[in-house]
Amino acid sequence: GGPASWQVTLERLACTLAGGGLALVAAHFFWPAWEKDRFEPLMSEALLASRDYIRLLCHRAREGTGRGPELIPAKRHLETANSEVFASLRRMYGEPKNHANILQDAAAMANGNVRLTRVLNLLLLHLANKPPPVTESVLAEWENAASSALEVLAAPWEESDERSLDLALSRLEGVDLGGSHQNHDSWVFTQFARASTELSAMLIDALSKAEASKLG
């Protein structure tokens with residue numbers, strides 16, 4: 001009931017600091033990890049798995065040696081990565097809206113990679129028949145452009161570079177897969193063109209997001 005002394009002030013200050021320290025320690029161990037932070041590394045891994053799968057498919061298509069043993073593990077790795085991405089996406093749907101603000105972009109990227117996977121799996125089935133080698137140099141050109149596009153998409157979203165995305169899109173769309181090819185290659189190039197379309201859509205979506213982020 002009497003006047004407060006400096007001892008009381010120091011005691012209350014020490015208690016406040018101790019309480020704040022305990023709160024920070026508790027938050028470090030018990031605060032929820034938002035799914036956004038988990039999703040981006042998983043999406044990046046899936047995109048790079050697509051890149052590796054494409055490289056193996058193109059290599060076998062050029063050699064004309066059919067489906068090699070390395071392709072099945074690559075296919076399984078990509079499909080597992082896609083499954084983990086969608087599991088993360090489902091968890092993100094249950095989070096508060098302010099922590100799920102990338103939900104629409106995340107879903108678009110995840111679905112795009114799944115559609116790309118389906119096209120690549122068709123090419124894998126085709127290789128089981130040991131088709132003749134694809135001799136056109138445009139295949140190597142497309143492989144490099146597709147690999148580059150997936151690497152750009154796999155970069156951290158907060159570091160998305162409009163110039164890199166636009167350059168990857170221009171390079172991918174500059175590959176002419178609809179030219180005159182040998183008859184037995186026409187179906188193969190149709191599938192690569194489908195894969196190119198899916199990749200272009202993913203790049204355009206990422207480019208729109210980067211532009212909107214810049215304006216915001």
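Residue numbers here run from 1 along each chain, matching the order of that chain's written sequence. Whole-chain, interface and lining totals are the exception, using all residues; otherwise, since this is a predicted model, local features are given only for residues with pLDDT of at least 70 and side-chain atom pairs are given and counted only at 80 or more. In computing side-chain values, all of the structure's heavy atoms are included and hydrogens and water are not.

This part takes up the overall build of the protein. We count a stretch as a helix when DSSP gives it H or I for four or more residues in a row; a strand needs E for two or more, and each element gets its number in order from the N terminus. Regarding its fold elements, the protein presents 7 helices and 0 strands. Mapped from its N terminus to its C terminus, the protein presents α and β elements in the order α-α-α-α-α-α-α. Expressed as a percentage of its 216 residues, the buried residues of the protein come to 39%. Note on contacts: a residue pair is in contact if any heavy atoms of the two residues lie within 4.5 Å. A separation threshold of at least 6 residues defines the contact pool for the protein, and within that pool the share at least 24 residues apart is 86%. Burial classification: accessible surface area is computed with a 1.4 Å probe over protein chains only, and a residue below 20% of its type maximum counts as buried, one above 50% as exposed, and the rest as partly exposed.

Let us look at the packing of aromatic side chains. A ring pair, where both rings are aromatic, is described by two values, the distance of the centres and the angle of the planes. Aromatic contacts are taken between Phe, Tyr and Trp rings whose centres are within 6.5 Å, Trp giving its six-membered ring; a plane angle under 30 degrees counts as stacked, one over 60 as edge-to-face, and the others as tilted. Using the criterion set out here, one finds 2 aromatic pairs in the structure. With a centroid separation of 4.9 Å and 55 degrees between ring planes, the pair formed by Trp142 and Phe192 is classed as tilted. Here Phe192 lies in helix 7 (residues 186–215) and Trp142 lies in helix 5 (residues 138–153), a separation of 50 residues in the sequence. Look at Trp142 and you get buried, because its relative accessible area is 0%. With 6.5 Å between their ring centres and 65 degrees between their planes, Phe189 and Phe192 make a pair best called edge-to-face. Of this pair, Phe189 and Phe192 both sit in helix 7, 3 residues apart, which is roughly one turn of that helix. Here Phe189 matches Phe192 in class, with each residue buried. Taken together through their ring pairs, the aromatic side chains of Trp142, Phe189 and Phe192 make up a single cluster.

Inspection of the secondary structure puts Ser147 in helix 5. Of note is the side chain of Ser147, whose polar atom sits 3.4 Å from the side chain of Arg55. A distance of 2.8 Å separates a polar side-chain atom of Ser147 from the backbone oxygen of Glu143. Filtering out sequence-adjacent residues up to four positions away, Ser147 remains in contact with Arg51 and Arg55. We call two N or O atoms a polar contact when they sit within 3.5 Å, provided that within protein one can donate a hydrogen and the other can accept it, with sequence-adjacent residues counted only if both atoms are side-chain atoms.

For patches, a residue must show more than 30% relative accessible area and have no salt bridge; joins then use 9 Å for like charges and 5 Å for nonpolar side chains, namely Val, Leu, Ile, Met, Phe, Trp and Tyr. The method behind every accessible area is Shrake-Rupley, applied with a 1.4 Å probe, and residues are considered shielded solely by the protein chains displayed. When a carboxyl oxygen of Asp or Glu is within 4 Å of a side-chain nitrogen of Lys or Arg, the pair counts as a salt bridge. Together, Trp6, Leu10, Leu13 and Leu17 make up a nonpolar patch on the protein surface, roughly 470 Å² of accessible area in all. Position of Leu17 among the secondary structure elements: in helix 1 (residues 6–30). With a relative accessible area of 59%, Leu17 lands in the exposed category.

Mapped onto the elements of the fold, Gly174 is located in the loop between helix 6 (162–173) and helix 7. Take Gly174: its relative accessible area is 51%, and that puts it in the exposed class. Separated by 33 residues in sequence, Gly174 and Glu141 have C-alpha atoms that sit 9.7 Å apart.

Moving on: the packing of helix 2 (residues 35–63) against helix 3 (residues 71–93). Fitted lines through C-alpha atoms give the axes, limited to the stretch in contact for helices. The angle between two N-to-C directions lies from 0 to 180 degrees. It is the contact of helix 2 with helix 3, at a shortest axis distance of 9 Å, that shows an interaxial angle of 160 degrees. Taken as axis vectors, helix 2 and helix 3 run roughly antiparallel relative to one another. Viewed along their axes, helix 2 and helix 3 form a crossing whose handedness is left-handed. To sort the angles, those under 35 degrees are grouped as roughly parallel, those over 145 as roughly antiparallel, those from 65 to 115 as roughly perpendicular, and the leftovers as oblique. Whether a crossing is left-handed or right-handed is set by the direction in which the near helix is turned from the far one by less than a right angle, anticlockwise for left-handed and clockwise for right-handed.

What follows concerns helix 3. It helps to recall that an α-helix has 3.6 residues per turn; residues three or four apart then point in one direction. To estimate how far a helix should reach, multiply one less than its number of residues by 1.5 Å. Look at helix 3: 33 Å from first C-alpha to last across 23 residues, which is about the 33 Å you get at 1.5 Å a residue. Along helix 3, the residues classified as buried are Leu71, Ala74, Leu78, Ala81, Asn82, Val85, Ser88, Leu89 and Met92. In this structure, the buried residues of helix 3 make contact with helix 2 and helix 4 (103–127).

A separate point is the confidence of the model for the protein. As a per-residue measure, pLDDT reflects the predictor's confidence and takes values from 0 up to 100. Chain-level pLDDT for the protein is 87 on average; 87% of the residues reach the 70-or-more range. When pLDDT is averaged over each helix and strand of the protein, the minimum, 78, is found for helix 1 and the maximum, 96, for helix 5.

The subject of this paragraph is the nonpolar core. Judged by nonpolar contacts, the single largest core of 57 residues is most densely connected at Phe39, Trp142 and Leu153. Elements supplying a minimum of two residues to this core: helix 2, helix 3, helix 4, helix 5, helix 6 and helix 7. For Phe39, the residues in contact, after removing those within four places along its chain, are Val85, Ser88, Leu89, Met92, Ile102, Ala106 and Trp157. In these notes, a set of buried Ala, Val, Leu, Ile, Met, Phe, Trp, Tyr and Cys residues joined through side-chain atoms within 4.5 Å is what counts as a nonpolar core.

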